[in-house]
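The residues making up each chain are set out below.
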Amino acid sequence: MPVGARLRPSVLSAREQLVEGREQLRQQHDRGLDGVKVCARLTSLADAAITRIYDAALADLPEGDAVALRARVALVAHGGYGRRQQAPFSDVDMMLLHEGRTDALLADFARRLTQDIFDVGIQLGQSVRTAAQAVQLARAEAQIGTSLIESRLLLGSSLVYDRYLAAFNAMVKRRGTMLSREFITARRVEREQFGETVYLLEPNIKRSRGGLRDLHLLRWLWFIRCGVAEFDRLHDMGVLSKFDHRRLISSQTFLLRVRNEMHFHAGEACDVLSRAEQVRLAAYFEFRGREGILPVEQFMRDYFHHTHHVWHLANRLSELSQPASRVSRVFGPVLGRTTPDGYYVGRREINATSKALAKLERHVEEVLNLVELARREGKRIAQDTWYFVYRTAPQYSNLLSREGAQTFLKILADPLRLGELLRRLQELGVLEKIIPEFTHARCLLQFNQYHKFTVDEHSIRAVEEASQFLDRHDALGEAYGLLRDKRMLHLALLIHDLGKGYEEDHSEVGRRIAARNAARLGLSPDDAAMLEFLVHKHLMMSHLAFRRDTSQPQLIAKFAEDVGTPERLEMLCLVSCADLAAVGPGVLNGWKIEVLFELYRRTLRRLSPDPDALVEDHHDSARRFARERLTAAEQSDAWFEKQLEALPEAFVARRSPADIAEVLRRFRELPPRGGTAWARYLPDTDTVEFFGGINEGTGRAIFSSMAGALSSHGMQILSAGTYTLAEGLLLLHYVAHDPDYPGEPPPERQEAVCRSLVASIDSDQPPKFRKVWGHEHHEANAALSNLPNEVRIESQLSDECTIIEVYTIDRRGLLYRLARTLHDLRLLIRYAKIGTYLDQVVDVFYVTERDGSKPESDDRLAEVRARLLEVIAPAK
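First, a word on what this report is: a plain description of the structure on this page. All values derive from a computational prediction rather than experimental measurement. (Residues numbered from 1 in each chain as written. Predicted model: local features only at pLDDT ≥ 70, side-chain atom pairs only at ≥ 80, totals over all residues. Heavy atoms only, no water.)

## Some points on the overall build of the protein
- Summing up its helical and strand segments, the protein has 41 helices and 16 strands in all.
- The burial tally for the protein puts 55% of its 876 residues in the buried class.
- By sequence separation, contacts in the protein at least 24 residues apart represent 70% of the contacts at least 6 residues apart.
- Summed over all atoms, the accessible surface of the protein reaches about 38,000 Å², with 51% contributed by carbon and sulfur.
- The average position of the 118 basic charges and that of the 121 acidic charges among the side chains of the protein differ by 6 Å. (Helix = DSSP H or I, 4+ residues; strand = E, 2+ residues; numbered from the N terminus. Buried < 20%, exposed > 50% of the residue type's maximum accessible area, 1.4 Å probe, protein only. Contact = heavy atoms within 4.5 Å. Areas by Shrake-Rupley, 256 points an atom, 1.4 Å probe, with all protein chains shown as cover. Lys, Arg positive; Asp, Glu negative; His and termini not counted. Charge placed at Lys NZ, Arg CZ, Asp CG, Glu CD.)

## A few points about the nonpolar core
- Phe168, Phe408, Leu494 and Leu531 are the most contacted members of the largest nonpolar core, which totals 168 residues.
- Per-element tally for this core: the top contributor is helix α30 (residues 566-583), with 12 residues.
- Each residue touching Leu494, except ones within four places of it in the same chain, is listed here: Phe408, Leu422, Leu431, Ile435, Phe438, Ser459, Ile460 and Val463.
- Counting residues in hydrophobic clusters, the runner-up holds 43 residues, among them Ala709, Leu730, Val753 and Val841. (Core = buried A, V, L, I, M, F, W, Y, C linked by side-chain atoms within 4.5 Å.)

## Examining the sheet that holds strand β3 (residues 124-130)
- The strand order across the open sheet formed by four strands is β3-β2-β1-β4, and the pairing between neighbours is mixed. The sheet terminates laterally at β3 and β4 (152-156), the two strands that pair on one side only. Across the sheet, the axes of successive neighbouring strands diverge by a mean angle of 25 degrees, strand direction being ignored.
- Strand direction decides the pairing type here: strand β1 (residues 73-77) and β4, joined by four bridges, are antiparallel. Across the sheet, Val76 pairs through a bridge with Leu153, a residue of β4.
- Set on the sheet, helix α2 (residues 35-59) makes contact with β1, β2 (92-98) and β4; between it and β4 the angle comes to about 25 degrees. (Pairing = 2+ DSSP bridges. Axes fitted to C-alpha atoms, helices over the stretch in contact; angles between N-to-C directions.)

## As for empty space enclosed by the protein
- If you walk through the whole model with that rule in mind, you get four cavities of 30 Å³ or more.
- Quantified by volume, the largest cavity comes out at close to 200 Å³.
- Lining the largest cavity are 19 residues, with Ile702, Phe703, Leu827, Leu828 and Ile829 sitting closest to its centre.
- Elements that contribute at least two residues to the lining of the largest cavity include exactly α37 (702-712), β11 (716-724), β12 (729-737), α40 (814-824) and β15 (827-837).
- Counting residues per element, the lining of the largest cavity draws most heavily on β15, which supplies four residues.
- The residue inventory of the lining of the largest cavity, partitioned by class, reads 10 nonpolar, seven polar and two charged. (1 Å grid on protein atoms, 1.4 Å probe; cavity = no way out; pocket = protein on both sides within 12 Å on 5 of 7 lines; lining within 4 Å. Points joined across faces, edges and corners; volume = space filled by probe spheres on them. Nonpolar A, V, L, I, M, F, W, Y, C, P; charged D, E, K, R; others polar.)

## Some words on the packing of aromatic side chains
- Summed over the entire model, instances satisfying the criterion amount to 20 aromatic pairs.
- For the pair Tyr164 and Phe168, a centre-to-centre distance of 6.0 Å together with 40 degrees between the ring planes defines the contact as tilted. Separated by four residues within a single helix, Tyr164 and Phe168 lie in helix α8 (residues 158-174), roughly one turn from each other.
- Overall, the relative accessible area of 0% leaves Tyr164 in the buried class.
- Looking at Phe168, the relative accessible area reads 2%, which means it is buried.
- Here Phe469 and Tyr480 contribute two aromatic rings whose centre-to-centre distance is 6.1 Å and whose plane-to-plane angle is 85 degrees, an arrangement assigned as edge-to-face. Remark: Tyr480 occurs in helix α24 (residues 475-482) and Phe469 occurs in the loop between α23 (455-467) and α24; sequence separation between them is 11 residues. (Phe/Tyr/Trp six-rings, centres within 6.5 Å; stacked < 30°, edge-to-face > 60°.)

## Details of the sheet that holds strand β6 (residues 343-345)
- Spatially, the four strands line up as an open sheet ordered β5-β6-β7-β8, and their pairing is mixed. Each having just a single partner strand, β5 (337-338) and β8 (380-381) make up the two edges of the open sheet.
- Sheet topology note: the strand β7 (residues 349-352)/β8 ladder contains two bridges and is parallel. The residue of β8 that forms the bridge with Ile350 is Ile381.
- Against the sheet, helix α16 (residues 354-362) engages β6 and β7, with an angle of about 75 degrees to β7.

## What about the pairing of β3?
- In this structure, β2 lies alongside β3, joined through seven bridges in parallel fashion. Bridging from a neighbouring strand, Met95 pairs with Ser127 of β3.
- Where the polypeptide runs from β2 across helix α5 (residues 104-120) and back to β3, its parallel neighbour, the crossover connection is right-handed. (Right-handed = clockwise from strand over helix to strand, strands pointing away.)

## Concerning the environment of Glu349
- As for its position among the elements, Glu349 is in strand β7.
- Given the relative accessible area of 25%, Glu349 is considered partly exposed.
- For the pair Glu349 and Ala374, spaced 25 residues apart in the sequence, the C-alpha separation amounts to 8.1 Å.
- If near-sequence neighbours (up to four positions away) are discounted, Glu349 is found in contact with Tyr344, Lys379, Arg380 and Ala382.
- Of note is the side chain of Glu349, whose polar atom sits 3.2 Å from the side chain of Arg380. (Polar contact = N/O pair within 3.5 Å; in protein donor to acceptor, adjacent residues only side chain to side chain.)

## Side note on the pattern of salt bridges
- On inspection of all chains with the given rule, the structure shows 62 salt bridges.
- When the shortest N-O distance is used, the salt bridge between Asp103 and Arg72 registers 3.1 Å. Here Arg72 lies in helix α3 (residues 63-72) and Asp103 lies in the loop between β2 and α5, a separation of 31 residues in the sequence.
- Three or more residues joined by partner-sharing salt bridges are found here, namely Arg187, Glu190, Arg191, Arg207, Arg213 and Asp214. (Salt bridge = Lys/Arg side-chain N within 4 Å of Asp/Glu carboxyl O.)

## Considering the packing of α23 against helix α25 (residues 486-495)
- The N-to-C vectors of α23 and α25 enclose an angle of 150 degrees; their axes lie 7 Å apart at closest approach. Considering their axes alone, α23 and α25 lie roughly antiparallel with respect to each other. When you trace α23 past α25, the crossing you get is right-handed. Of the residues in α25, those touching α23 at Ser459, Ile460, Ala462, Val463 and Ala466 are His490, Leu493 and Leu494.
- Each residue belonging to the contact of α23 with α25 can be placed in one class, and the counts come to six nonpolar, two polar and no charged. (Parallel < 35°, antiparallel > 145°, perpendicular 65-115°, else oblique. Left-handed = near helix turned anticlockwise from the far one by under 90°.)

## With respect to the environment of Phe408
- Structurally, the position occupied by Phe408 is in helix α19 (residues 402-413).
- Phe408 gets classed as buried once you look at its relative accessible area, which sits at 0%.
- Sequence spacing of Phe408 and His263 is 145 residues, and the spatial spacing of their C-alpha atoms is 47 Å.
- Apart from residues no more than four positions distant in its own chain, Phe408 is found in contact with Leu368, Leu422, Leu431, Ile434, Ile435, Leu491, Leu494 and Leu521.

## So, α2
- Helix length check: α2 (25 residues) gives 36 Å between terminal C-alpha atoms against 36 Å at 1.5 Å per residue, within 8%.
- Its side-chain oxygen at 2.8 Å from the backbone nitrogen of Val36, Asp34 defines the N-terminal cap of α2. (Expected span 1.5 Å × (residues − 1).)

## Concerning unusual backbone geometry
- Despite not being glycine, Arg417 has its phi angle at roughly 55 degrees, a positive value.
- Of note, Arg417 is situated in the loop between α19 and α20 (418-427).
- For Arg417, a relative accessible area of 24% puts it in the partly exposed group.
- The phi torsion at Ala701 lies on the positive side, around 60 degrees, for a residue other than glycine.
- Relative to the helices and strands, Ala701 resides in the loop between β10 (687-695) and α37.
- Given a relative accessible area of 8%, Ala701 falls into the buried group.

## A word on the side chain of Glu437
- Position of Glu437 relative to the elements: it lies in the loop between α21 (431-434) and α22 (438-441).
- A polar contact of 3.0 Å, which involves the side chain of Glu437, links it to the side chain of Asn517.
- Not counting the four nearest positions on each side in its chain, Glu437 is found in contact with Leu498, Ile513, Arg516 and Asn517.

Following this line, the structure appears as structure tokens:
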């Protein structure tokens, strides 16, 4: 029997009407109908369907029962349905309000309504309550209280509804302060769960910071303060300024239209702006893009602009809704004071008097004085004062006085609360009056999974991260703490990425931005040169550290020549660390700090008065100390001396004398064609280094086999090297992170991996790579960036090796397949590093021919490139 045959005629007709109505509204939406109007018409559509079901249910009752129910029952719409902003596939929230006890008649009526409305195709959130129960629940639970604020009578007794509304409003009036606090707290918890930054790159359009829920919070708080929630009425009452009203209406229209499209397209409730959805929406709304900015980046810039406006007002009203403590009310007037400039410094915050407001209205420099006062006093700036600046900022001149420039540089010199102050200046539109290029960078999305924040937020976070290096107890913390001129470091970080969003390379654009702002801020020639260098070369040290073999003397010599002075080297190292830290949580880890500072230390030695002697002394002393670690019998064994002298400089430069002695002892015990493996946890970098020793290892694909074994255990390989010793001995070294264990993996885990490394030697079975949950989604998102697969080959940077860089989307077993292909090409991998750049993995290999020569001919390099491109070609 068809499903519809079991449904009542009223349900079938209401369902048909709902389906047809939704389709018509979808077409109207596609033609550009305003998002608010679409929501209102969807609400009316639901109203009509529910009314038909309600009337049919009453009509089927005996007349006396129907009359009784009409007198004691009211259907109340609330939540989004109550405020007439029903999204296409959101739940319809409805309360069956009644007077008297819940008897069989009421229970049967409620049951039928619920079932029939569900059968119509409406996802219903229904409750059955008395007025007293509804008010009590609203007092007890913030979620219910906020939903019932948006109540309207849909059907039934107006007397029942009016009595409920009077009781609800009376409760709100009595408990307004407490309710405001509860609503604000509940919203803060929700934001923490769904995205506490406006610039989250895959936000929830409803629940993330600045989303629709913050629009709702504004309505709830204004209802408590004024008894009115509608923005138009608040504007008419003078509560909401024309400036804020225009921005709120614009943001609401934009967000609702975007959400409607998301629901219509998905055919269900869908509120997460995933990367794929962002690309689709940009095309749907016909964003065209321009040079340097993709259509999706334009779309998301608009999104961030709107959510920023919403968040700013929601945050302001939230703070204004929190009354001062009793202590502040009593002692504030006694403990406060007024500065000569007209600022009232209270117990917790600073307010601008009329004298100070007159200066703030005219001069952007006065905002900087206010910011510096707040930091010096350790107090926040009152919301009314901040709001005044927010309204005034668009009128400020773009000309910066000498005094304003000096004040700004003074602010940058002090790391205390620096990130917080810069972020607030950006939110208020003041920072772009100091550094004009922030106008372009505002809300500018970097459409990749590597960067977690927009350009302006990333730039401010870079300064914030640097200022927090003071709290570290390592080489990074020491270097930052000893830095004399922190203002130049902070200024370089603040502008280092402002060249993004143009067709030209952002470092080249940034170089010109640095020069302009050096002149604008009145920097000395030396400071201007330092700023230009740091911005122009801010990626240089990271690229060298994570893509090159930094043990090679010629690389260190060239880098030292490019940097020029120890001061520049130190600043560049700090810029590199802060830039990585600002990308996102966990990006700057202990291993990356150690790799950067290893490059820093080697380059610093090169910049010494006699760098060649220092390097030679270092290598000689390493061998001498390793020899001293050997026993007397081992020292008299010619094999040990032969191997010690044969150790490559690249290995000696990285190892302690104890490590070198241990490697030699393990090799001495190897049988012909035998192999061994061992591991060690490095707590400073939270990594595990694995060593493999093989007798007669050349030409046996050991590198790829062991890389495959590590990957099959879920290890994330960060770098790797192969070292050829005397008599055909081969040493392999891998540095890896074990995501299965926070901290040190247990001994049995390390032993199991080592057994797999040994078992992989000469194995005919390819490794089995385990599936990682979410990896397919990550790979699909990375592909959206449309970055090309590339194989770059460089023959000039190393005297001994040819360098191959492979750029592609990461996938399971990639390193193994690339390494195996290089083996099949009869190449030896001498060194490798594995990193990430934007949405691509970057695998770098230093290779030679098996006879030790460099592959250099055009035909040979073309063959290598073609074979590797086959490996990384997209699956068909």
